[in-house]
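Tertiary structure, described
Single-letter residue listing:
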Amino acid sequence: MSGEVLNAQDGNGTVNRVIRMGTRKSQLARIQTDYVAEKLKTLYPDVLLEIVAMSTIGDKILDTALSKIGEKSLFTKELENALERNEVDLVVHSLKDLPTTLPNGFTIGAVLQRESPHDAVVLHPKNSGLTLDTLPDGSVIGTSSLRRAAQLKKKFPHLEFKDIRGNLNTRLKKLDEKEDYAAIILAAAGLKRMGWEARVSQVLGPEDCMYAVGQGALAVEVRARDCDILGMVSTLHHSETVLRCIAERAFLRRLEGGCSVPVAVNTEVKDSVLSLTGAVYSLDGADSLKEAMETSVDSGNKVEESADIQHVGVTAHNVPQCAQVAAEKLGVDLADLLLSKGAMEILTTARKLNDAR
């Protein structure tokens, strides 16, 4: 075990291990970290958990669209710095915030069961009862995501789309207290975790808006060399979510995408078959490429050696390696199919236009 091990004595003189969990300071990040802490506490009642909250670049720069800041690890860098300096032992993230290539020495030690990965429409109170379809022409929709805007511009040409930044609380406040936006688009999972499902007027299915890579899933990032911490958090892995997210992350990594390009996915596991739909879009949604592929993730009764192999940053000893390999290959193969049809031209143009905005 590397790094400093903290121990504390309880009232009975028993020495307990202290695990320090890093998180962003936002209310949603704290709720997500508390959720992971509760899971760990149930599994390891003798471990003491200490939560260390900090601000990230993405939390501090609130007047610029995410896609314009030009930093792939907007919400993760400070947390990873703390992990590297042994100030924390693990970090809880929204998986969609984690770049597809992690810094050396780090790994995703747990991907928890996914909440709904879909996007949700939250209406200004005066528009109660309406949908994106029935909102008046020229209504302004707030979203900080190029992916959402590109898909929805194409689907709902009567609407206008504008950037909106800030954490969930800030964005809802901007919606409710001003007249700038008719509605905003947010991740359904975040709204549910905050207990705000009542504000969801419409959940967008894949036919309207495919979701971001990793959306709805929580990830626990650890130092790859910390075998005991890795072993501890690996019990939180949810096999189906792991395989879906490996495929999604492999797809995005092959396309070299990030916040600054519109890339969207949809995945499903049914009867040991993993299906992945992936798409790339121009900023206005007019140009797009969309394809689907599937692969078997049935490991049969194979007994596999536990291997310290990462798949797009994920280490999952308790998920069959052959299934992880198949999931990663699926993502790469689908990306290659889109690239063969001209995806890079669409993404390069989108990136240039976004930089020029």
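You'll find the chain entered in an unreviewed UniProt entry as Porphobilinogen deaminase, with Hucho hucho given as the organism. Per UniProt, the chain has the following entry under Subcellular location (unreviewed entry): "Cytoplasm, Cytosol".

Looking at the nonpolar core
Grouped together as the largest cluster of nonpolar side chains are 40 residues, with contacts concentrated most on Leu-95, Ile-108, Val-111, Phe-251, Leu-255, Val-263 and Val-280. Where this core is concerned, the elements lending two or more residues are strand 5 (106–111), helix 9 (239–255), strand 12 (263–270), strand 13 (273–281), helix 10 (321–340) and helix 11 (343–356). Of all the elements, helix 9 adds the most residues to this core, at 9 residues. Ignoring anything within four residues of it in the chain, the contact list for Val-280 reads Leu-255, Pro-262, Val-263, Asp-287, Ser-288, Leu-289, Leu-338, Ala-343, Ile-346 and Leu-347. With 18 residues, the next largest nonpolar core counts Ile-19, Val-47, Val-233 and Leu-236 among its residues.

Structural notes on the sheet that holds strand 12
The antiparallel open sheet is built from 3 strands, whose spatial order is 12-13-14. The sheet is open, and its two borders are formed by strand 12 and strand 14 (288–296), each paired with just one other strand. For this sheet the average axis-to-axis angle between neighbouring strands, irrespective of direction, equals 10°. The pairing of strand 12 with strand 13 spans 8 bridges and is classified as antiparallel. When the bridges of strand 13 are listed, Val-263 appears paired with Val-280. Sitting on the sheet, helix 11 is in contact with strand 12, strand 13 and strand 14, with an inclination near 50° to strand 13.

Observations concerning the sheet that holds strand 7 (residues 140–142)
A sheet is described by the order of its strands in space; here 5 strands give the open sequence 8-7-9-6-10, paired in mixed fashion. The sheet terminates laterally at strand 8 (160–162) and strand 10 (200–204), the two strands that pair on one side only. When strand polarity is set aside, the average angle formed by the axes of neighbouring strands in this sheet is 30°. The pairing of strand 7 with strand 9 (residues 183–187) spans 2 bridges and is classified as parallel. Paired with Ile-141 across the bridge in strand 9 is Ala-183. Sheet strands touched by helix 5 (residues 146–155): strand 6 (119–123), strand 8, strand 9 and strand 10. Its angle to strand 9, the strand with the most contacts, is close to 125°. Contacting strand 6 and strand 9, helix 6 (residues 168–177) crosses the sheet at an angle of about 165° to strand 9.

Notes on helix 9
Spanning 17 residues, helix 9 covers 25 Å between terminal C-alpha atoms, matching the ideal 24 Å at 1.5 Å per step. Burial analysis of helix 9 places 13 of its 17 residues in the buried class, which makes it a mostly covered element. Within two residues after helix 9, Glu-256 carries a phi angle of roughly 60°, on the positive side.

Some words on the side chain of Gln-202
Here Gln-202 is to be found in strand 10. Apart from the residues lying within four places of it in its own chain, the contact partners of Gln-202 are Asp-119, Ala-120, Val-121, Thr-131 and Leu-132.

Examining the environment of Ala-37
You can see Ala-37 is positioned in helix 1 (residues 27–43). Under the relative-accessibility criterion, Ala-37 is labelled buried at 10%. When the C-alpha atoms of Ala-37 and Leu-48 are compared, they prove to be 9.7 Å apart, with 11 residues separating the residues in sequence.

Observations regarding the pattern of salt bridges
When charged atoms on two side chains of opposite charge get close, those side chains can pair. One pass over the full model with this rule turns up 18 salt bridges. A salt bridge links Arg-199 to Asp-176; its shortest N-O distance comes to 2.8 Å. Note that Arg-199 is positioned in the loop between helix 7 (188–193) and strand 10 and Asp-176 in helix 6, a separation of 23 residues in sequence. In this structure, Arg-244 and Glu-240 form a salt bridge, with 3.9 Å as the shortest nitrogen-oxygen distance.

How each quantity is defined
- Residues numbered from 1 in each chain as written.
- Predicted model: local features only at pLDDT ≥ 70, side-chain atom pairs only at ≥ 80, totals over all residues.
- Heavy atoms only, no water.
- UniProt positions renumbered as here; feature names shortened; annotations may be inferred.
- Core = buried A, V, L, I, M, F, W, Y, C linked by side-chain atoms within 4.5 Å.
- Buried < 20%, exposed > 50% of the residue type's maximum accessible area, 1.4 Å probe, protein only.
- Helix = DSSP H or I, 4+ residues; strand = E, 2+ residues; numbered from the N terminus.
- Contact = heavy atoms within 4.5 Å.
- Pairing = 2+ DSSP bridges.
- Axes fitted to C-alpha atoms, helices over the stretch in contact; angles between N-to-C directions.
- Expected span 1.5 Å × (residues − 1).
- Salt bridge = Lys/Arg side-chain N within 4 Å of Asp/Glu carboxyl O.

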